[in-house]
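# Coordinate analysis (summary)
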Amino acid sequence: MNKFDIIVIGGGHAGVEAASAASRSGVRVLLITHDESKIGEMSCNPAIGGIGKSHLAKEVDALGGLMARAADRAGIHYRVLNSTKGQAVRATRVQTDRDLYKAAIQEFLQSSENLIIKEGSVIDFKIEESTIKSVITETGEEIKAEAVILTTGTFLGGVMHTGLEQSPGGRVGDPSSDKLAKKLRGLDLKVGRLKTGTPPRLNKHSIDWSALISQPGDVPTPLLSYTSKTEDRPQQLNCFMTRTNKKTHQIILNHLDQSPMYSGVIEGIGPRYCPSIEDKIMRFSERDSHQIFAEPEGLNSDLIYPNGISTSLPLSAQRELIKSIKGFEKAEIVRPGYAIEYDFFDPTGLKHSLETKAIKGLYFAGQINGTTGYEEAAAQGIMAGINASLRIKNENAFELKRDEAYIGVLIDDLVSLGTKEPYRMFTSRAEYRLILREDNADSRLTEKGKSLGIVSDVLWKNFQQKTEAAKQETLRLQKEKLKPNSSAAAKIQKLSGERITNNTSLYEMLKRPRVLHSHLPQGSDVLERNVVDEIEASVKYEGYIKRQKTDIERLQRNENTPIPNHIDFESVVGLSNEVKQKLSEARPESLARASRLPGVTPAAISLLMVHLKKERRAVG
């Protein structure tokens with residue numbers, strides 16, 4: 001019991017995926033966590049997925065991971081975001097029951113072979129010749145391992161802020177890892193501070209639901225995991241929507257001197273894309289209101305998560321601003337919102353395997369690398385678990401390229417560019433997003449997982465069946481023809497508005513933007529939704545994918561294109577505000593230098609290259 005192949009420290013989303021992946025690969029794993037009952041805890045909003053994030057969750061699932069399966073076991077509200085747009089940017093979001101999710105994760109881990117869970121706190125390491133040898137717990141126990149994966153979340157030097165009051169902690173009710181933080185600060189690693197936050201929780205019985213706008217889930221209800229079944233899902237609930245108003249904003253402005261962010265108490269940088277309500281009204285002062293989604297925390301929970309008003313103002317100010325919101329006039333705060341500041345380490349100090357460059361056998365995954373979000377953590381966790389186990393077996397590291405997975409984009413961005421603010425995944429960060437879709441994560445990754453020995457028999461069987469079904473249906477679509485005056489042609493024209501004037505294959509018809517697979521004559525086999533989604537996307541994007549590959553080759557040839565000093569980055573069409581800001585501040589001299597700026601994605605460089613070519617043509 002005092003020697004393992006791999007030790008995973010931390011039972012959050014990164015830790016559980018790391019421990020599970022390593023144990024599935026056949027090595028002996030010890031997961032150390034301060035409280036076994038909180039393994040899989042959702043510290044903030046109990047939701048999985050969203051733009052860019054669901055792609056990560058699906059990829060983790062395609063490699064045999066736990067997150068998507070647990071989300072389906074606990075999912076109480078599903079929505080497909082960007083459903084009217086192309087499949088490359090569609091994303092599934094699942095509101096989950098907090099307790100059911102945690103129970104599912106714990107059940108998965110408890111049934112894992114080669115995995116032992118131990119309660120305790122790691123306070124020190126033994127390192128010899130720049131190689132990790134063992135960990136030391138708070139009781140003085142030494143446990144040896146050939147690899148250690150550190151997934152500490154917000155616990156490293158964690159400090160919670162509500163107003164100007166501070167208290168140490170990794171989240172409400174849990175202590176911070178101060179001794180371990182001190183140890184890590186003494187190593188040859190570049191440390192920084194980041195900040196995140198959470199809104200107050202409200203008593204659902206104190207809310208005037210009649211004043212809120214109901215937001216039902218999607219019907220038919222989707223699934224996130226490739227192995228889930230409809231019966232796995234619990235009862236479905238509605239979410240609701242309301243908004244802040246001018247009065248709310250004035251209350252916040254009146255109390256800004258008591259905000260730890262604006263009084264200088266918090267030095268860590270917060271997440272750009274999940275800002276506090278204080279940040280929102282300061283950064284977007286022209287807006288009179290902001291959306292709030294009232295989301296249930298579970299089937300049997302009295303808590304409501306008001307998504308959109310994360311805050312660290314004093315409790316008295318929180319009560320005042322809550323009561324100014326329509327439907328919340330009598331709302332009771334069960335637990336106040338707070339901000340948390342914590343240590344992270346510059347991810348450029350990592351290899352693409354997520355092993356630290358400074359210490360052999362020591363891997364970092366999750367918020368310790370400067371990311372934010374459950375899905376980003378899970379993606380890093382599974383990769384760290386895979387690579388630590390490969391190290392044990394003396395095999396080469398497993399890396400995913402940017403054209404293979406969003407996981408590859410995530411890790412390459414972190415390791416190559418670093419981050420100065422909490423990193424969040426978006427589809428816009430991926431230059432290959434026409435290829436990297438939700439619907440084909442298994443087609444891209446499950447065979448790789450099979451070769452690593454980490455996918456279940458059920459997942460592999462489902463993947464083979466889906467692949468064969470898609471192949472056979474594609475052949476049918478290519479073979480069958482539509483005649484202009486047939487009843488099938490009339491049906492398609494009625495449903496899509498597309499007129500057929502010549503004999504046309506079903507495959508060519510499906511290429512038309514307004515034609516769906518359901519509009520076409522159906523074969524004898526009933527296809528599952530995920531098979532249809534992949535076929536539709538593959539057919540409709542066929543030409544675009546070829547063009548995208550050509551663009552990427554051209555981008556590589558034009559990387560050293562100079563950028564004139566006079567260029568106005570604000571005028572470059574398609575660039576995000578984040579990228580415009582970073583380019584304007586750095587004023588890079590070439591596309592090559594611009595591409596190395598943190599947060600400036602290859603997709604952004606492609607847009608910039610197009611803009612430069614237009615400028616050159618305009619000049620002469």
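Residues numbered from 1 in each chain as written. Predicted model: local features only at pLDDT ≥ 70, side-chain atom pairs only at ≥ 80, totals over all residues. Heavy atoms only, no water.

A tally of helices and strands in the protein chain yields 19 helices and 22 strands. Taken against the 2.2 N^0.38 rule, which gives 25 Å for 620 residues, the C-alpha radius of gyration of the protein chain at 25 Å falls within 12% of a compact globule. Principal axes of the C-alpha set define a box for the protein chain whose edges measure 80 × 60 × 60 Å. Expressed as a percentage of the 620 residues in the protein chain, the buried residues total 56%. Within the protein chain, residue pairs in contact and separated by at least 24 positions form 73% of the contacts whose partners lie at least 6 positions apart. Of the roughly 27,000 Å² that the protein chain leaves accessible, carbon and sulfur atoms contribute 48%. One finds the centroid of the 86 positive side-chain charges in the protein chain at a distance of 5 Å from the centroid of its 79 negative side-chain charges. (Helix = DSSP H or I, 4+ residues; strand = E, 2+ residues; numbered from the N terminus. Rg over C-alpha atoms; globule rule 2.2 N^0.38 Å. Buried < 20%, exposed > 50% of the residue type's maximum accessible area, 1.4 Å probe, protein only. Contact = heavy atoms within 4.5 Å. Areas by Shrake-Rupley, 256 points an atom, 1.4 Å probe, with all protein chains shown as cover. Lys, Arg positive; Asp, Glu negative; His and termini not counted. Charge placed at Lys NZ, Arg CZ, Asp CG, Glu CD.)

Helix H2 (residues 53-62) sits mainly inside the fold: 10 of its 10 residues count as buried. Taken residue by residue, H2 has Lys53, Ser54, His55, Leu56, Ala57, Lys58, Glu59, Val60, Asp61 and Ala62 as its buried positions. One or two residues past the end of H2 sits Gly64, with phi positive at roughly 90 degrees.

The next point concerns the pattern of salt bridges. According to the stated counting rule, one finds 34 salt bridges in the structure shown. The salt bridge partner of Glu404 is Lys448, with a shortest N-O separation of 3.2 Å. Of this pair, Glu404 sits in the loop between helix H9 (374-392) and helix H10 (406-417) while Lys448 sits in helix H11 (residues 441-452); the two residues are 44 residues apart in sequence, bridging distant segments of the chain. Here Glu404 falls in the partly exposed class, since its relative accessible area comes to 21%. The residue Arg529 makes a salt bridge to Asp533 at a minimum N-O spacing of 2.8 Å. Here Arg529 and its partner Asp533 are both found in helix H15 (residues 529-540), 4 residues apart, which amounts to about one turn of the helix. (Salt bridge = Lys/Arg side-chain N within 4 Å of Asp/Glu carboxyl O.)

Our focus in this paragraph is the packing of aromatic side chains. The description of an aromatic ring pair uses the distance of the two centres, along with the angle that the planes make with each other. Applying the stated rule across the entire model yields 3 aromatic pairs. Relative to Phe364, the ring of Phe345 has its centre 5.7 Å away and its plane inclined at 45 degrees; by these criteria the two rings are tilted. Residue Phe345 is located in strand E19 (residues 338-345), and its partner Phe364 is located in strand E20 (residues 362-364); the two are separated by 19 residues in the primary sequence. In this structure, Phe345 and Phe364 share a single accessibility class: buried. Centre to centre, the rings of Trp460 and Phe463 are 5.4 Å apart; their planes meet at 35 degrees, and the pair counts as tilted. With a gap of 3 residues between them, Trp460 and Phe463 both fall in helix H12 (residues 457-479), about one helical turn apart. (Phe/Tyr/Trp six-rings, centres within 6.5 Å; stacked < 30°, edge-to-face > 60°.)

Now for the nonpolar core. Core analysis: the biggest nonpolar cluster contains 105 residues, and Phe125, Leu184 and Ile407 have the highest contact counts within it. Here the element with the most residues in this core is H9; it accounts for 11 residues. Each of domain 1 (2-197 + 342-452) and domain 3 (469-546) accounts for three or more of the residues forming this core. Ignoring sequence-local partners within four residues, the contact set of Leu184 consists of Phe125, Leu150, Leu156, Leu189, Phe345 and Phe364. The next biggest cluster of nonpolar side chains, apart from the first, holds 21 residues, and it includes Leu212, Ile304, Leu321 and Ile333. (Core = buried A, V, L, I, M, F, W, Y, C linked by side-chain atoms within 4.5 Å. Domains from an automatic or database assignment.)

Here we come to the domain arrangement of the protein chain. Domain annotation of the protein chain identifies domain 1 (2-197 + 342-452), domain 2 (201-338), domain 3 (469-546) and domain 4 (561-619). One C-alpha centre belongs to domain 1, the other to domain 2; they are set 26 Å apart. On the side of domain 2, 52 residues touch domain 1, which itself brings 53 residues to the contact. Here domain 1 meets domain 2 over a buried area of about 4,100 Å², counting both sides, of which 57% is carbon and sulfur. Taken as a group, Ile76, Tyr78 and Lys195 account for 17% of the area that domain 1 buries against domain 2, more than any other trio of residues on that side. Joining domain 1 to domain 2, the criterion identifies 2 salt bridges. In this structure, Arg93 and Glu295 form a salt bridge, with 3.2 Å as the shortest nitrogen-oxygen distance. Linking domain 1 to domain 2 there are 25 residue pairs in polar contact (both at pLDDT 80 or more). Those elements that provide at least two residues to the side of domain 1 that touches domain 2 are H2, helix H3 (67-74), strand E4 (75-81), strand E5 (91-96), helix H4 (98-110), strand E10 (159-162), strand E12 (191-198) and H11. Its residues assigned to classes, the side of domain 1 that touches domain 2 shows 20 nonpolar, 14 polar and 19 charged. (Buried area = accessible area lost by both parts, 1.4 Å probe. Polar contact = N/O pair within 3.5 Å; in protein donor to acceptor, adjacent residues only side chain to side chain. Nonpolar A, V, L, I, M, F, W, Y, C, P; charged D, E, K, R; others polar.)

What follows is about unusual backbone geometry. Note that the residue after Val219, namely Pro220, is joined by a cis bond; omega there is 0 degrees. If you trace the backbone, Pro220 turns up in the loop between strand E14 (213-215) and strand E15 (239-243). Notably, Asn82 is not glycine yet its phi reads approximately 60 degrees, a positive angle. Its location among the elements puts Asn82 in the loop between E4 and E5. The phi angle at Asn114 is positive, at roughly 70 degrees, despite the residue not being glycine.

Here we take up the side chain of Thr92. Structurally, the position occupied by Thr92 is in strand E5. Overall, Thr92 belongs to the buried group, its relative accessible area being 4%. The residues touching Thr92, leaving out its near neighbours within four places in the chain, are Ile48, Gly49, Gly50, Ser54, Tyr78, Arg79, Val80, Pro222, Leu224 and Glu438.

Our focus in this paragraph is the sheet that holds strand E11 (residues 165-168). On the basis of which strands lie adjacent, the open sheet formed by 4 strands has the order E11-E10-E19-E12 and antiparallel pairing. In the strand order of this sheet, the two ends are held by E11 and E12, each with one partner. Averaged over all pairs of adjacent strands, the angle between their axes in this sheet comes to 25 degrees, without regard to strand direction. Strand direction decides the pairing type here: E10 and E11, joined by 4 bridges, are antiparallel. Bridge pairing in E11 places His161 opposite Gln166. (Pairing = 2+ DSSP bridges. Axes fitted to C-alpha atoms, helices over the stretch in contact; angles between N-to-C directions.)

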